[in-house]
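So you can see what is in the structure, the chains are spelled out below.
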Amino acid sequence: MELQRKTDFIWEIPKQGEMKVPATIYASSRLLESVRNDLTLQQARNVACLPGIQRMSYVMPDAHQGYGFPIGGVAAFDMDEGIISPGGVGYDINCGVRLLRTDFAEQDIAARRKELLTEIFKEVPAGVGKGGITRLSRNVLRDILTRGAEWAVENGYGTRDDLLMTEEYGRMADGDPAYVSDRALERGIPQLGTLGAGNHFLEIQKVSHIFDKDLAGIFGISAVGQVMVMIHCGSRGLGHQVASDYIELMENKLGTKGLPDRELIHAPIRSPLGQQYYRSMCAAVNYAFANRQLIAHWVRDVFAKVMGSAKGMRQVYDVCHNVAKIEKHMIAGKTREVCIHRKGATRSFGPGRMEIPEAYRAKGQPVIIPGSMGTASYLLVGTAEAEELSFSSTAHGAGRVMSRHEALRRFRGEQIRDELQKKGIELKSTSWKGVAEEASAAYKDVDEVVRVSHEVGIGRLVARVVPVGVMKG
Amino acid sequence: MAEKFRYLDHTADAKFQAYGRTLEEAFSNAALATVSLMWDPTEVEQTLDHPVVVQGRDLEQLLVRFLGEIIYLFETRAFLVAAANELTVEKTDDGFRLRAIFRGDDRPARYAVFGEVKAVTYSEMRIDLGCPVTIQVVVDI
């Protein structure tokens, strides 16, 4: 495919054929290689053909092939002429990351590291088919879908400060369980408060490098060696069912003719079906916020028990990286409301945006980018330039380069555990097969991903963290 | 015996092809390929029957809904499918209807569940009615 080089890190697919706008890819030449090897560019081009798309179809540095939209795809649609697409959000609605800071230093937990991880492993249900908190009634679940993390805090899981430090304050107000199917509710009931499997993880980490002392301080990080906790999970079976349900409803209502890919099915944003999907998606977003809220609470309980105190375990932030939202952006010199899809991309609002918690507003939004298992993760900050470059969005992780199948051929879970142990990283998992599938060699280099984000200016480096204990589903 | 299914490489998720002399056999084998990503169907005792009826506006949607039942039964009933038997597909006024009987067990603790299939997608889906019938599916894991 024709690709024009704009700078070392910016590439463009010029408008051609049915494309309504060009596509921009943020990548180094190394990252671009893997993107060229799968359907990412074709998918970015398909997105550029959708009705009402504004300015550009964007591809983030960690992109890889997805369903419909690429993973790492960002697109904004006009509210009147534009569309909303389940394939632009992904199956794991509000898959996201929460980062907690602590007052502990590496040496404080050194002797208890294994115990901490073992206790967390006991408290936080993970893996396939593991149940969550005591069986919820449908009415309580509906309440959770309406109120998200607020429900969790009101029921004793965490504090109001956690809500302040969560994207959307832990609740999308448009979430409406009335549009969530029985089947999705049924899948959601046993899974609330569970980590799940696949690439989801929980890590005890330590700060390994501070790039920006001033900003790190504002986000609660004061020194190298400081202990952090990162939680990466989403809306579990409920979110997947919402996506499947609305793909089917849209197909039945609107047909599949003319779609380059059935996963690109979409409905006009303001149509009844578009609105129903949006409200149902927001409900799944709320479920995921509540899910991470519960898990964070249990992690604090474990620290309180093992370390004697969980004081100082404040939430740095919680970001969604699979979501569609109505946001205001500058388009052709005017502030306009658009429906922005971020699929495997993180919001990266710069200073001044009202959506950012007051404590951070003057500086920009914390952006949390998890690495692959056993590698570094990063804390970045949103920038003013990101508005013009990517509708305030940046990468969301490392991004896979190797199939799970191939990873299983090459690695063994026990061997990976031993290698991590040599590096001083404890690992606990419900499945050795899952560990092998998530081998860090199956992923892109997260250091390279965040370097591109930083250089392009869509999210700037604040701190690097590395795991000391990893729990995998 | 002819090959029932085969896994293909896919960067982020799982892709398989399932084969059959008939569409019905290929659908049954697609069910086996799906469950084999989560547990070993030959180890699951066939103690319970779960009849299933799904409709689809076309064969692709029928397949997505059919395989989706496996995930649904596991997540909500803790039912592990070992086989899809007596599978029939018939044409209806507005598409297709599939009937089958899932055989399996609802005691998950007895088995090693090693993977999670989260959703069945249309991505790269192919239903080729040649000889053998070949079905290609990507599932989200």
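Before reading on, note that the structure itself is shown above.
Residues numbered from 1 in each chain as written. Chains lettered and ligands numbered in written order. Predicted model: local features only at pLDDT ≥ 70, side-chain atom pairs only at ≥ 80, totals over all residues.

### A short note on the interface of chain B and chain A
Across the contact, 27 residues belong to chain B and 31 residues belong to chain A. Each residue belonging to the side of chain B that touches chain A can be placed in one class, and the counts come to 13 nonpolar, eight polar and six charged. (Contact = placed C-beta atoms within 7 Å. Nonpolar A, V, L, I, M, F, W, Y, C, P; charged D, E, K, R; others polar.)

### Let's talk about the sheet that holds strand β5 (residues 95-105) of chain B
Strand pairing in a sheet is mediated by backbone hydrogen bonds. Such pairs are either parallel or antiparallel. Residue and element names in this part refer to chain B. Ordered by their spatial adjacency, three strands build an open sheet running β3-β5-β4, and the pairing between neighbours is antiparallel. Two strands close off the open sheet at either side, each with one partner strand: β3 (48-56) and β4 (80-92). The sheet shows a mean angle of 15° between the axes of neighbouring strands, direction not considered. In terms of strand pairing, β4 meets β5 through 10 bridges, oriented antiparallel. Bridged to V89 within β5 is L98. In the packing of helix α2 (residues 59-77) onto the sheet, contacts are made with β3, β4 and β5, and the angle to β3 comes to roughly 150°. (Pairing = 2+ DSSP bridges. Helix = DSSP H or I, 4+ residues; strand = E, 2+ residues; numbered from the N terminus. Axes fitted to C-alpha atoms, helices over the stretch in contact; angles between N-to-C directions.)

### Quick word on the packing of helix α1 (residues 23-35) of chain B against α2(B)
Residues and elements named next belong to chain B. As a packed pair, α1 and α2 sit with axes 10 Å apart at the nearest point and diverge in direction by 45°. When the axis of α1 is compared with that of α2, the two are oblique. Note on packing geometry: the crossing formed by α1 with α2 is right-handed. Taking contact as the criterion, the partners of F27, A30, A31, T34 and V35 in α1 are, on α2, L63, F66, L67 and I70. The class makeup of the residues in the contact of α1 with α2 is eight nonpolar, one polar and no charged. (Parallel < 35°, antiparallel > 145°, perpendicular 65-115°, else oblique. Left-handed = near helix turned anticlockwise from the far one by under 90°.)

### Describing the sheet that holds strand β2 (residues 10-13) of chain A
All names here are of chain A. The seven strands are arranged β1-β2-β3-β4-β5-β13-β12 in an open sheet whose pairing can be described as mixed. Bordering the open sheet on either side are β1 (4-5) and β12 (322-331), each of which pairs with just one other strand. In terms of strand pairing, strand β3 (residues 23-26) meets strand β4 (residues 57-64) through three bridges, oriented parallel. Within β4, the residue paired with I25 across the bridge is V59. Packed onto the sheet, helix α2 (residues 40-48) meets β2, β3, β4 and β5 (71-78) and runs at close to 155° relative to β4.

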